[in-house]
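What follows is each chain in one-letter form.
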Amino acid sequence: MLETINEKNILFNKPLCSTRELDNIKDVFNRGKISGDGYYTKLCNEWFLNKINRKILLTTSCTSALEMMPILLNLKEGDEVIMPSYTFVSTANAFVLRGVVPVFVDIRPDTLNIDENIVEAAITPKTRAIIVVHYGGVSCEMNKFREIAKKHNLYLLEDAAQAFSSKYYNEDLGTIGDLGTYSFHETKNVVSGEGGCLIINNEKFHERAEIIREKGTNRAKFFRGQVDKYTWVDIGSSYLPSDIIAAFLYSQLSFSDFIQKRRMEIWNKYNAFFEIYEKKGYIRRPFIPSFCTHNAHMYYILFNSLEVRTKFIEYLKKNKINTCFHYIPLHSAPAGIKYGKTFGSLNVTDKVSDTLVRMPLFYELSDDDLNIIFNIVENFFEREF
Ligand SMILES: *Cc1c(COP(=O)(O)O)cnc(C)c1O
């Protein structure tokens, strides 16, 4: 059943790199200061203040920003943090590094987000926080999480790595919990190669976050003239990116409306194309709850079995269309078993991990590319069903 029709290689992802980014980077060189917290870092900070009305701290990655969370919350060895198993490793790893135990719970079958109806039962006297992940930039049910966190006196955290520009009702994702993060890794909507930020929604964390990010020193205060020498005052690491990274990022932020618009066009075309196959029962399409405005971060489909998914990926690969699947659930990964705990059944997580496929989706994906993809997929369904 495998046959080759298409010859043009269609990538899964291609990060946008234009002359705009290059011009900004040249400007950093001309300014002569290339380390962190320079001219472009400040521009990025202002951009986010305007966009989401929050102070953010640029970091070397979303992973770095996540690593700052347990330090800021003073979490101790043996404390527990509830999170989905269906997520990228950093969500858990950032806490495990500080001796904190990730407690994995299942996801909702519709949004693939951490299930708000399970979380409360997973709370123990050791629980300190809940970290939600907005999968594919689609919002978790945040009012419910806020309510649970308040009732049990827990911190609410958001891994909004994929959720730049998405909303829960009128609130920007990443701004709802005590702390949030975005990622600017090249696989995300707005990128700087590697990069991320910590979003500070609870003002009490701001001063200490600056210190932790600057190797445990009060350097930021020193530069603002608030102290006359800077020194080692707390634990910390080097989590701030060079101004070269910030210059790249600032260019993308300035262009982000165009990026978002094109991604949304592509997302909607996929969604219209796959409708008929969902009706026939071959696949399931993403579900967007009415409380969510999503950001077209990802277009995925869910097959009914691992076997059909494997055939689909192979057929597309043979036709030079690159797709991708994820995640190996954290609760069954070697480090997850060693460092984490599992609460209840993770059946939905296991099933989704076996059956999900992500389609190519990036700013420069053309309508011609999309038509090639649609043709090949049509062929696949005709042969398979
Ligand atoms: C991409 C991603 C991360 C990691 O981001 P980096 O910037 O690469 O460190 C963390 N969590 C989730 C859910 C992600 O998608």
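Before any of the text, the structure's been laid out above.
Below you will find a few notes about this structure. (Residues numbered from 1 in each chain as written. Predicted model: local features only at pLDDT ≥ 70, side-chain atom pairs only at ≥ 80, totals over all residues. Heavy atoms only, no water.)

This part is about the nonpolar core. By size, the foremost hydrophobic cluster in this structure holds 49 residues, and its most contacted members are Phe48, Ile82, Ile130, Phe145 and Tyr182. Contributing elements (two or more residues each) for this core: α1 (19-31), α2 (39-52), β1 (55-59), β3 (101-105), β4 (127-133), α5 (142-151), β9 (196-200) and α8 (243-254). Of all the elements, α2 adds the most residues to this core, at 6 residues. Excluding its chain neighbours within four sequence positions, the residues that come into contact with isoleucine 82 are Val103, Val105, Ile114, Val119, Ala122, Ile123, Thr127, Ala129, Ile130 and Ile131. By size, the runner-up hydrophobic cluster in this structure holds 31 residues, among which are Ile313, Leu316, Ile321 and Phe380. (Core = buried A, V, L, I, M, F, W, Y, C linked by side-chain atoms within 4.5 Å. Buried < 20%, exposed > 50% of the residue type's maximum accessible area, 1.4 Å probe, protein only. Helix = DSSP H or I, 4+ residues; strand = E, 2+ residues; numbered from the N terminus. Contact = heavy atoms within 4.5 Å.)

So, about the site of the ligand. Surveying the vicinity of the ligand reveals 14 residues, the closest of which are Thr63, Asp159, Gln162, Ser183 and Lys188. Side-chain polar atom of threonine 63 to an oxygen atom of the ligand: 2.5 Å apart, as the coordinates give it. At a separation of 3.4 Å, an oxygen atom of the ligand approaches a polar backbone atom of glycine 195. About the coverage of the ligand: the protein hides 93% of its 390 Å² of free accessible area. The cavity that encloses the ligand is the second largest pocket. Here the shell around the ligand is built from residues that sort into 4 nonpolar, 8 polar and 2 charged. (Near = heavy atom within 4 Å. Polar contact = N/O pair within 3.5 Å; in protein donor to acceptor, adjacent residues only side chain to side chain. Areas by Shrake-Rupley, 256 points an atom, 1.4 Å probe, with all protein chains shown as cover. 1 Å grid on protein atoms, 1.4 Å probe; cavity = no way out; pocket = protein on both sides within 12 Å on 5 of 7 lines; lining within 4 Å. Sits in = over half its atoms within 2 Å of the grid points. Nonpolar A, V, L, I, M, F, W, Y, C, P; charged D, E, K, R; others polar.)

Moving on: the environment of isoleucine 372. Take isoleucine 372: it is sitting in helix α13 (residues 367-384). Between the C-alpha atom of isoleucine 372 and that of arginine 54, which follows or precedes it by 318 residues, the distance is 42 Å. Filtering out sequence-adjacent residues up to four positions away, isoleucine 372 remains in contact with Asn6, Lys8, Ile10 and Ile321.

Now for α8. It helps to recall that an α-helix has 3.6 residues per turn; residues three or four apart then point in one direction. In this model α8 runs 16 Å from its N-terminal to its C-terminal C-alpha over 12 residues, within 8% of the 16 Å that 1.5 Å per residue would give. Those residues of α8 that fall on the buried side of the exposure criterion are Asp243, Ala246, Ala247, Phe248, Leu249, Ser251, Gln252 and Leu253. Its buried side turned inward, α8 meets α1, α2, β1 and α9 (256-279). The N-cap residue of α8 is serine 242: its side-chain oxygen and the backbone nitrogen of isoleucine 244 are 2.9 Å apart. (Expected span 1.5 Å × (residues − 1).)

Quick look at the pairing of strand β2 (residues 80-84) now. The buried fraction of β2 amounts to 5 of the 5 residues, a majority that puts the element mostly inside the structure. Side chains Glu80, Ile82 and Pro84 of β2 all project onto a buried face; the interleaved residues Val81 and Met83 project onto the opposite face, where all are buried too. Where β2 and β3 come together, 5 bridges link them in parallel fashion. Considered in β3, the bridge of valine 81 is made with proline 102. Regarding the hand of the β-α-β motif, the stretch spanning β2, helix α4 (residues 89-96) and β3 is right-handed. (Pairing = 2+ DSSP bridges. Right-handed = clockwise from strand over helix to strand, strands pointing away.)

Worth remembering: the numbers are spatial, not functional.
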